[in-house]
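Here's the letter readout for the chains.
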Amino acid sequence: MKPKYSELEIERRWLVDETLLPELDSLPMRLITDKYLDNSRLRLRKVEYRGELQYKLCKKYGKTSEISEPITNLYLSREEYHALAHIPRQELIRERYSYSCQGVDFSINVVVGKKAPVIVEAEFESEADAYECEPPLFCTQEVSSDSSYEAVRFAI
């Protein structure tokens, strides 16, 4: 059962062959700073894009299938974000590049300041849509159901 007020996030993720990636400098990029709060499934997020800032607090409830998970996002003011930013946490900064292929919007995630694989992800309206998706040619191994490739693992 989906928790009250949550949305179902349906997402697939892949590792990539970095030699086949498009020129990232030509793609739109958002800088994402995630703070994974210790001993919880909460993520505090700051997104920087074209001079704009967005702040969110996300609760992830755990996978309900290999590619689906209920989540709840609460949008925060700058002051609310900074009030929570001091809670003990692990931080991860990523450059997220937008890339469209065959009508699907993909995100190419590059971790900043830490050694981590480049991971491509895409969100879908339904699991059927997700499983019909053919990823770009630079995608190699699918890691959607492998928890060792969740972003929180690279923050630790």
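Read on for an overview of the structure. The structure presented is a predicted model; accordingly, all values stated were derived computationally and were not measured.

Each value, and the rule that gives it
- Residues numbered from 1 in each chain as written.
- Predicted model: local features only at pLDDT ≥ 70, side-chain atom pairs only at ≥ 80, totals over all residues.
- Heavy atoms only, no water.
- Core = buried A, V, L, I, M, F, W, Y, C linked by side-chain atoms within 4.5 Å.
- Buried < 20%, exposed > 50% of the residue type's maximum accessible area, 1.4 Å probe, protein only.
- Helix = DSSP H or I, 4+ residues; strand = E, 2+ residues; numbered from the N terminus.
- Contact = heavy atoms within 4.5 Å.
- Salt bridge = Lys/Arg side-chain N within 4 Å of Asp/Glu carboxyl O.
- Polar contact = N/O pair within 3.5 Å; in protein donor to acceptor, adjacent residues only side chain to side chain.
- Disulfide = S-S within 2.5 Å.
- Phe/Tyr/Trp six-rings, centres within 6.5 Å; stacked < 30°, edge-to-face > 60°.

Here the focus is the nonpolar core. In terms of nonpolar packing, the biggest core is built from 21 residues, with Trp14, Val16, Phe106, Ile108, Val120, Phe124 and Phe138 touching the most fellow members. Secondary structure elements with two or more residues in this core: strand 1 (7-16), strand 6 (89-101), strand 7 (104-111) and strand 8 (119-124). The biggest single contributor to this core is strand 7, with four residues. Ignoring any residue separated from it by four or fewer positions in sequence, one finds Phe106 in contact with Trp14, Tyr97, Ser98, Tyr99, Cys101, Val120, Glu121, Ala122, Cys133, Glu134, Pro135 and Pro136. Counting residues in hydrophobic clusters, the runner-up holds nine residues, among them Leu15, Tyr36, Ile119 and Val143.

Turning to the pattern of salt bridges, a few remarks are in order. Per the counting criterion, the structure on display carries ten salt bridges. Across the pair Arg45 and Asp34 runs a salt bridge whose closest N-O atoms are separated by 2.6 Å. Of the two residues, Arg45 sits in strand 3 (residues 42-49) while Asp34 sits in strand 2 (residues 29-37), which places them eleven residues apart along the sequence. Of the residues examined, Arg45 reaches a relative accessible area of 7% and is grouped as buried. We note a salt bridge from Glu69 to Arg41, for which the minimum N-O separation is 2.5 Å. Of the two residues, Glu69 sits in strand 5 (residues 68-76) while Arg41 sits in the loop between strand 2 and strand 3, which places them 28 residues apart along the sequence. Judged by its relative accessible area of 41%, Arg41 falls in the partly exposed class. Several salt bridges share partner residues, and in doing so they unite Asp34, Arg43, Arg45 and Arg94 into one network.

What follows concerns the side chain of Glu69. In this structure Glu69 comes out as buried when scored by relative accessible area, which is 6%. Polar side-chain contacts of Glu69 include one of 2.9 Å to the backbone nitrogen of Gly62. Sequence-distant contacts of Glu69, that is, excluding residues within four places in its chain, are made with Glu7, Leu8, Glu9, Arg41, Lys60, Tyr61, Gly62, Lys63 and Thr64.

What follows covers the state of the cysteines. For the coordinates displayed, the defined rule picks out zero disulfides. Of the cysteine sulfurs around Cys101, a residue in no disulfide, the closest is that of Cys133, at 7.8 Å.

With that settled, consider the packing of aromatic side chains. What characterises a pair of aromatic rings is the spacing of the ring centres plus the angle enclosed by the ring planes. Within this structure, the stated rule accounts for three aromatic pairs. On the basis of an interplanar angle of 35° and a centroid distance of 4.7 Å, the ring pair of Tyr55 and Tyr81 is categorised as tilted. Highlighted residues: Tyr55 in strand 4 (residues 52-60) and Tyr81 in helix 1 (residues 78-84), separated in sequence by 26 residues. The class for Tyr55 is buried, based on a relative accessible area of 7%. Since its relative accessible area comes to 3%, Tyr81 is described here as buried. A ring pair is formed by Tyr99 and Phe138, whose centres lie 5.2 Å apart and whose planes are at 65°; its orientation type is edge-to-face. With Tyr99 in strand 6 and Phe138 in the loop between helix 2 (127-132) and strand 9 (139-142), this residue pair connects regions lying 39 residues apart in the sequence. Given a relative accessible area of 4%, Phe138 falls into the buried group.

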